[in-house]
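Working through the structure, step by step
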Amino acid sequence: MSETYQFITISSEDNVRTITLDRPPVNVIDREMTLEYHAALRAADADAAVKVIVLNGAGRGLSGGVDLKYMESFSATEMKDFLRLFYVETTNLCRSLSKPIIASVHGYAREGACTLSMVCDMVIAADNSDFGYPGVPVIGAPPGMHTWFLQRLMGRMKAAELIFTGKPISAREAETAGLVTRVVPADSLHDETMKLAQEVASMSPVALKIARDFMYACEDLPFADVPESALKVVSDAFDTEDSKEARRAFVEKREPIWTGR
């Protein structure tokens with residue numbers, strides 16, 4: 001890892017690359033941090049030694065969201081340009097990754113921080129964390145793409161409360177609502193995150209990519225198209241070397257040896 005960044009830090013542990021938002025005091029997000037995050041994601045995705053990517057935050061929380069001082073004097077056009085970078089490009093980049101990404105959240109996650117976590121494949125949240133979408137009271141605008149996420153994951157009625165009031169919900173409430181994968185004690189967040197990441201990293205990389213791509217493709221498919229699409233993706237996977245190895249290893253009662261092909 002030869003990259004140097006100003007607003008994020010990078011670390012690696014076995015096959016897991018961790019990208020940490022690190023802009024004290026509350027890791028607020030602007031254009032430069034977004035560009036650095038994109039560069040770090042691309043570097044991790046291109047590194048064959050990396051099997052899983054983890055996103056977290058330094059200090060007291062993941063992030064306080066987009067830097068309000070940075071965007072205070074934005075015109076509609078300037079805001080559109082920034083959101084195209086932050087919302088559209090971040091989402092497209094995360095979904096195009098060839099390997100899974102996990103958000104590990106402690107403390108607070110606000111607005112844009114929720115964007116970064118929700119576009120990950122899974123979210124592990126500390127029991128001291130909470131999630132908030134203060135777009136309406138703070139910037140006089142809806143919380144953008146969270147309108148889609150919240151309604152899909154928790155339903156319109158609960159989504160309306162979060163969106164209209166901007167009040168945060170606890171990690172436990174978020175777990176019950178389906179916004180996070182799992183809640184763990186704050187003092188074991190790192191260990192639990194790495195445990196999950198290592199478990200995922202032990203799987204076939206080609207199988208993970210196929211499963212991940214199909215998972216996101218299914219979000220946009222009408223159900224009538226799902227059976228044929230599933231038939232194709234599963235049967236095509238059977239031709240991969242890792243699929244053949246998985247079946248051999250199961251029959252032979254041993255651990256598989258993945259080649260990523």
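Scroll up a little and you will see the structure.
Residues numbered from 1 in each chain as written. Predicted model: local features only at pLDDT ≥ 70, side-chain atom pairs only at ≥ 80, totals over all residues. Heavy atoms only, no water.

Attention now moves to the environment of A159. Mapped onto the fold, A159 is located in helix α7 (residues 156–165). Put simply, A159 and H146 are 13 residues apart on the chain and 9.0 Å apart in space, counted from C-alpha to C-alpha. (Helix = DSSP H or I, 4+ residues; strand = E, 2+ residues; numbered from the N terminus.)

On the surface, a cluster of negative charge is contributed by E13, D14, D127, D187 and D191. For D14, the location among the structural elements is in the loop between β1 (8–13) and β2 (16–21). (Patch = residues over 30% accessible without salt bridge, like charges linked within 9 Å, V, L, I, M, F, W, Y side chains within 5 Å. Areas by Shrake-Rupley, 256 points an atom, 1.4 Å probe, with all protein chains shown as cover. Salt bridge = Lys/Arg side-chain N within 4 Å of Asp/Glu carboxyl O. Lys, Arg positive; Asp, Glu negative; His and termini not counted. Charge placed at Lys NZ, Arg CZ, Asp CG, Glu CD.)

This part is about empty space enclosed by the protein. Taken as a whole, this structure holds one cavity of 30 Å³ or more when the rule is applied. For the lining of the largest cavity, the element with the most residues is helix α1 (residues 31–46), which contributes three residues. Each residue belonging to the lining of the largest cavity can be placed in one class, and the counts come to six nonpolar, one polar and no charged. (1 Å grid on protein atoms, 1.4 Å probe; cavity = no way out; pocket = protein on both sides within 12 Å on 5 of 7 lines; lining within 4 Å. Points joined across faces, edges and corners; volume = space filled by probe spheres on them. Nonpolar A, V, L, I, M, F, W, Y, C, P; charged D, E, K, R; others polar.)

Strand pairing in a sheet relies on backbone hydrogen bonds. The paired strands run either parallel or antiparallel. Strand order in the open sheet formed by six strands is β1-β2-β3-β4-β6-β9, with mixed pairing between adjacent strands. Edge strands, defined here as strands with exactly one partner in the open sheet, are β1 and β9 (182–184). Between one strand and the next, the sheet's axes are offset by a mean angle of 20°, whatever the strand orientation. One ladder, built from three bridges, connects strand β6 (residues 122–126) with β9; its direction is parallel. (Pairing = 2+ DSSP bridges. Axes fitted to C-alpha atoms, helices over the stretch in contact; angles between N-to-C directions.)

Take helix α10 (residues 205–219) next. When the terminal C-alpha atoms of α10 are compared, their 22 Å separation across 15 residues agrees well with the 21 Å that a helix rising 1.5 Å per residue should span. If you check which residues of α10 are buried, you get V206, L208, R212 and Y216. Buried positions in α10, seen along its axis, are confined to an arc of 160° and lie on one side of it. Buried residues along α10 sit against α3 (76–96), β4 (101–105), α9 (189–201) and α12 (241–251). (Expected span 1.5 Å × (residues − 1). Buried < 20%, exposed > 50% of the residue type's maximum accessible area, 1.4 Å probe, protein only. Arc of directions from axis to C-beta. Contact = heavy atoms within 4.5 Å.)

All right, on to α12 then. Buried residues of α12: D242, S243, E245 and A249, and no others. Down the axis, α12 shows its buried residues gathered within 160° of arc, on one side only. Following α12 by one or two positions, K253 adopts a phi angle in the positive range, close to 55°.

This part is about the packing of aromatic side chains. Summed over the entire model, instances satisfying the criterion amount to six aromatic pairs. Centroid distance F86 to Y87: 5.8 Å. Interplanar angle 35°. Geometry classified as tilted. For Y87, a relative accessible area of 15% puts it in the buried group. Chaining the aromatic ring pairs together yields one cluster made of Y70, F74, F82, F86 and Y87. Over the face of the ring belonging to F7 we find R23, whose NZ or CZ atom lies 4.9 Å from the ring centre. The residue whose ring lies beneath R247 is F238, and the NZ or CZ to ring-centre distance is 4.0 Å. (Phe/Tyr/Trp six-rings, centres within 6.5 Å; stacked < 30°, edge-to-face > 60°. Lys NZ or Arg CZ within 6 Å of the ring centre and 35° of its normal.)

Two elements in contact, α1 and α3, have axes whose closest approach is 11 Å; the angle formed by their N-to-C orientations is 15°. In terms of axis orientation, α1 runs roughly parallel to α3. Where α1 crosses over α3, the two elements pack in a sense that is left-handed. Of the residues in α3, those in contact with R31, T34, L35, Y37, H38, L41, R42 and D45 of α1 are F82, L85, F86, E89, T90, L93, C94 and S96. (Parallel < 35°, antiparallel > 145°, perpendicular 65-115°, else oblique. Left-handed = near helix turned anticlockwise from the far one by under 90°.)

Moving on to the layout of surface pockets. Rolled over the atoms, a probe with the dimensions of a water molecule shows which regions are left empty. Taken as a whole, the largest pocket holds about 340 Å³ of empty space. For the largest pocket, the lining is made up of 21 residues, of which V66, L68, M71, E111 and I139 are closest to its centre. Put simply, the parts of the chain that give the lining of the largest pocket at least two residues each are α2 (68–71), α3 and α5 (135–139). Looking at which element gives the most residues to the lining of the largest pocket, the answer is α3, with five residues. Tallied by class, residues from the lining of the largest pocket come to 15 nonpolar, four polar and two charged. Counted as a void, the second largest pocket has a volume near 290 Å³. Lining of the second largest pocket is provided by 18 residues; of these, M118, C120, D121, L153 and E219 occupy positions nearest its centre. Of all the secondary-structure elements, those providing two or more residues to the lining of the second largest pocket are β6, α6 (146–154) and α10. The dominant element in the lining of the second largest pocket, judged by the number of residues it contributes, is α6, at four residues. For the lining of the second largest pocket, the residue count by class is twelve nonpolar, two polar and four charged.

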